[in-house]
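# A closer look at the structure
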Amino acid sequence: MRALFRKEKMWQRHKLKPRYDVVVIGAGVHGLSIAYYLAKNHGLTNVAVLDKVYLGGGNSGRNTAIIRANYMTVEGVHFYGESLKLYEELSKDLNFNLLFSQIGHLSLAHTDSAINGVWRRAEVNKALGVNSRVIWPDEIKRLVPALDTSDRPRYPVKAALYHPPGGVIRHDAVVWGYARGVEKHGGEVHPRTEVTAIDVKDHQVTGVRTDKGDVIRADYVVNATSGYCTTISRMVGVDLPVVTHPLQACVTEPLKPFLDKVVVSANLHVYVYQTDRGELVMGSEIDPYSSYSQGSTLETLESIVGHALELFPALRNVRVLRQWGGLCDMTPDYSPILGEVDGLNGFVLDVGWGTYGFKAGPVSGKRVAELIATKRTPDIIRPFRLSRFREDKLVSEKGAAAVSH
């Protein structure tokens, strides 16, 4: 039988032009989605997405691909709820199979205070139209038979916030799908093109310079660089209240299917789910120190697997195959920074995502594109403006962290 091959390339090589309407720095899910929605929704196709490495070489390729909308604040629930709805239709929109599986998401509570936390989140979610509810050990055991819900563990499972629409999606497919969509609509993607400087004149961004010696003029420059966002912002004299921390995860050898939910324990600082290939993806909290290292450590691995075994003792003989790290751009209130910078025209921020960034790729891209095209800030991203730190109007999502995912 003759093999079938794709005739057209998913994206092309381009020569940098001397001018674009918009230059986006960062070819992860956020940067690519901004370019995609600029073209698709607003007809702005003279857009270049630049990245110093390959497509998705940053956090978009290093995250654990969990999608959810069960946040704590009104602003966060509205925002991530819209993103979840966009993810539900994204395969159809991009005409590309993203392997989105809404298997359901459980945030476990092991203490009385944790029960109060998930109960509050459930009530906020329900009031704002997000499907979440508190469930108890009997139902938890029916949903996740392999979970130890007995009274033997040091921290027994007492309750959980059950979020049925939550799930997982193939992260590299999301990047490829958006990149393919950018090309289809006339935009350009330029991997291995590092921005070395941003030009500013009379409080207006005028363009960027690259390591290839190119000077590129642009009306808008978007910073969508996650862990390196402070480095890019300093090129225009903007200091961000962001600290970069590593976040580590690991994956086991393939097992027969036994777990069809995402299980998270904020008390134990661990989360676990099983992929369609049978592997268990497990992660923990951000590293306690600031660093740009994407390496992994034995100390963190011991913490991840130790707490995972408290939830699933039957995994004690399973082997870990891979471990990796990503870079999280953490803000003081655990919410992103979106929009323009006061006093500097043409410089747009899509940063400060911490451990939530992949979940918000579609909505941030859509709404940042709307800001650029209409020159008006959409109401849904207004609360996340940079000036909120000066105005003392924080959007605290610490309570919805549910471990760093």
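Each residue is numbered by its place in its chain's sequence as written, counting from 1. For a predicted model such as this one, the threshold for reporting local features is a pLDDT of at least 70, and the threshold for listing and counting side-chain atom pairs is 80 or more; totals across whole chains, interfaces and linings nevertheless cover every residue. With hydrogens and water stripped out, all remaining heavy atoms of the structure feed into the side-chain values.

### With respect to the overall build of the protein chain
Every helix listed is a DSSP run of H or I at least four residues long, and every strand listed is a run of E at least two residues long, numbered separately from the N terminus. Scanning the protein chain from terminus to terminus reveals nine helices and 18 strands. The globule rule used here is 2.2 Å times the number of residues to the 0.38 power, and the radius of gyration it is set against is calculated over C-alpha atoms. Relative to the globule expectation of 22 Å for 405 residues, the C-alpha radius of gyration of the protein chain, 21 Å, shows essentially globular dimensions. Here's how the labels work: a residue is buried when its accessible area is under 20% of the maximum for its type, exposed when over 50%, partly exposed in between, all with a 1.4 Å probe on protein chains only. Scored against the burial criterion, the 405 residues of the protein chain give a buried share of 56%. When checking whether two residues touch, look at their non-hydrogen atoms; a contact exists if any pair is within 4.5 Å. A separation threshold of at least 6 residues defines the contact pool for the protein chain, and within that pool the share at least 24 residues apart is 76%. Residue burial considers only the protein chains on display, and all accessible areas are found by Shrake-Rupley using a 1.4 Å probe. Carbon and sulfur atoms make up 51% of the accessible area of the protein chain, which totals about 17,700 Å².

### Things to note about the packing of aromatic side chains
Aromatic pairs are defined between Phe, Tyr and Trp rings, using the six-membered ring for Trp, whenever the two ring centres lie within 6.5 Å; interplanar angles under 30 degrees are classed as stacked, those over 60 as edge-to-face, and all others as tilted. Under the criterion given, the structure shown has 14 aromatic pairs. For the ring pair Tyr87 and Phe100, a centre distance of 6.2 Å and an interplane angle of 45° mean the geometry is tilted. In this pair, Tyr87 is assigned in helix α2 (residues 74-94) and Phe100 in the loop between α2 and β4 (105-109), connecting sequence segments 13 residues apart. Since its relative accessible area comes to 1%, Tyr87 is described here as buried. Residue classification places Phe100 among the partly exposed residues on the basis of a relative accessible area of 21%.

### Things to note about the environment of Arg322
As for its position among the elements, Arg322 is in strand β16 (residues 320-330). Note: C-alpha distance between Arg322 and Val281 (41 residues apart in sequence) is 9.7 Å. In this structure, Arg322 is in contact with Ala249, Cys250, Val251, Arg277 and Glu279, ignoring residues within four places of it in sequence.

### Points about the nonpolar core
The nonpolar side chains of a soluble globular protein tend to be buried with one another. Nine residue types can take part in a nonpolar core, namely buried Ala, Val, Leu, Ile, Met, Phe, Trp, Tyr and Cys, and a core is a set of them joined through side-chain atoms within 4.5 Å. Counting residues in each nonpolar core, the largest one holds 54 residues, and the members touching the most others are Phe79, Tyr178 and Ile372. For this core, the secondary-structure elements that each account for two or more residues are β1 (19-25), α1 (29-42), β2 (47-50), α2, α5 (171-184), β11 (215-223) and α8 (361-374). Of all the elements, α2 adds the most residues to this core, at eight residues. Not counting residues within four places of it along the chain, the set of residues in contact with Ile372 comprises Val22, Leu38, Tyr220, Val222 and Val348.

### Description of the pairing of strand β15 (residues 280-283)
Judged by which residues are buried, β15 turns out to be covered on both faces: Leu280 and Met282 on one side and Val281 and Gly283 on the other are all buried. Bridge count for strand β12 (residues 243-252) against β15 is three bridges, and the pairing is antiparallel. Residue Cys250 lies in a different strand from β15, and its bridge partner there is Met282. With four bridges joining them, strand β14 (residues 270-274) and β15 adopt antiparallel strand pairing. Along β15, the bridge assignment pairs Tyr273 with Val281. Pairing between strands is defined by DSSP: at least two bridges between the two strands are required. In textbook terms, the turn of a hairpin is the stretch between consecutive antiparallel strands, and for β14 and β15 this stretch comprises five residues, one of which, Gly278, has a positive phi near 95°.

### Examining empty space enclosed by the protein
Whether a set of points on the 1 Å grid over the protein atoms alone is a cavity depends on a 1.4 Å probe fitting there but being unable to get out, while an open set qualifies as a pocket with protein on both sides within 12 Å along at least five of seven lines; lining residues are those with an atom within 4 Å of a point. Grid points are joined across faces, edges and corners, and a volume is the space filled by probe spheres set on the points. This structure, assessed with the given rule, holds two cavities of 30 Å³ or more. What the largest cavity holds in volume is close to 40 Å³. For this scheme, ten residues count as nonpolar: Ala, Val, Leu, Ile, Met, Phe, Trp, Tyr, Cys and Pro. Four count as charged, namely Asp, Glu, Lys and Arg, and the remainder, Gly too, count as polar. Tallied by class, the residues present in the lining of the largest cavity amount to four nonpolar, four polar and one charged. The calculated volume of the second largest cavity comes to roughly 30 Å³. Residues that form the lining of the second largest cavity fall into these classes: six nonpolar, one polar and two charged.

### Digging into unusual backbone geometry
In this structure, Asn95 is a non-glycine residue whose phi angle is positive, near 55°. With respect to the element layout, Asn95 can be found in the loop between α2 and β4. Phi is positive for Lys375, which is not a glycine, with a value near 60°. Summarising the element assignment, Lys375 is placed in the loop between α8 and α9 (388-391).

### What about α5?
With 14 residues, α5 extends 20 Å between its outermost C-alpha atoms, agreeing within 8% with the 20 Å of an ideal straight helix rising 1.5 Å per residue. Among the 14 residues of α5, 11 are classified as buried, and the element is accordingly described as predominantly covered. Of the residues making up α5, those classed as buried are His171, Asp172, Ala173, Val174, Val175, Gly177, Tyr178, Ala179, Gly181, Val182 and Glu183. Looking at the buried side of α5, the elements it contacts are α1, α2, β8 (188-190) and α8. A positive phi of about 105° marks Gly186, the residue just after α5. By this rule, a helix spans an expected 1.5 Å times one less than how many residues it contains.

### Looking at the pattern of salt bridges
Salt bridges are defined by distance alone: a side-chain nitrogen of Lys or Arg within 4 Å of a carboxyl oxygen of Asp or Glu. For the coordinates displayed, the defined rule picks out 21 salt bridges. We note a salt bridge from Glu370 to Arg367, for which the minimum N-O separation is 2.7 Å. Residue Glu370 and its partner Arg367 are both found in helix α8; the two are separated by three residues, about one turn of the helix. Counted as one network, the salt bridges with shared partners bring together Glu82, Arg367 and Glu370.

### Examining the sheet that holds β16
Pairing is mixed across the open sheet formed by eight strands, whose spatial order is β5-β6-β4-β13-β14-β15-β12-β16. Each of the sheet's edge strands pairs with one partner strand only, and the pair in question is β5 (133-135) and β16. Within the sheet, the average angular offset between the axes of one strand and its neighbour, ignoring direction, is 20°. Pairing of strand β13 (residues 262-265) with β14 involves three bridges; the strand directions are antiparallel. The residue bridging Val263 from the neighbouring strand is Val272, located in β14. Geometry is summarised by axes, namely lines fitted to C-alpha atoms with helices restricted to the contacting stretch, and by angles between N-to-C directions that run from 0 to 180 degrees.

### Overview of the layout of surface pockets
Taken as a whole, the largest pocket holds about 1,100 Å³ of empty space. Along the wall of the largest pocket there are 44 residues; nearest its centre are Gly61, Arg170, His171, Asp172 and Trp176. For the lining of the largest pocket, the elements supplying multiple residues, two or more each, are α5, β8, β14 and β16. When residues in the lining of the largest pocket are grouped by element, the largest group, four residues, is from α5. Each residue belonging to the lining of the largest pocket can be placed in one class, and the counts come to 19 nonpolar, 14 polar and 11 charged.

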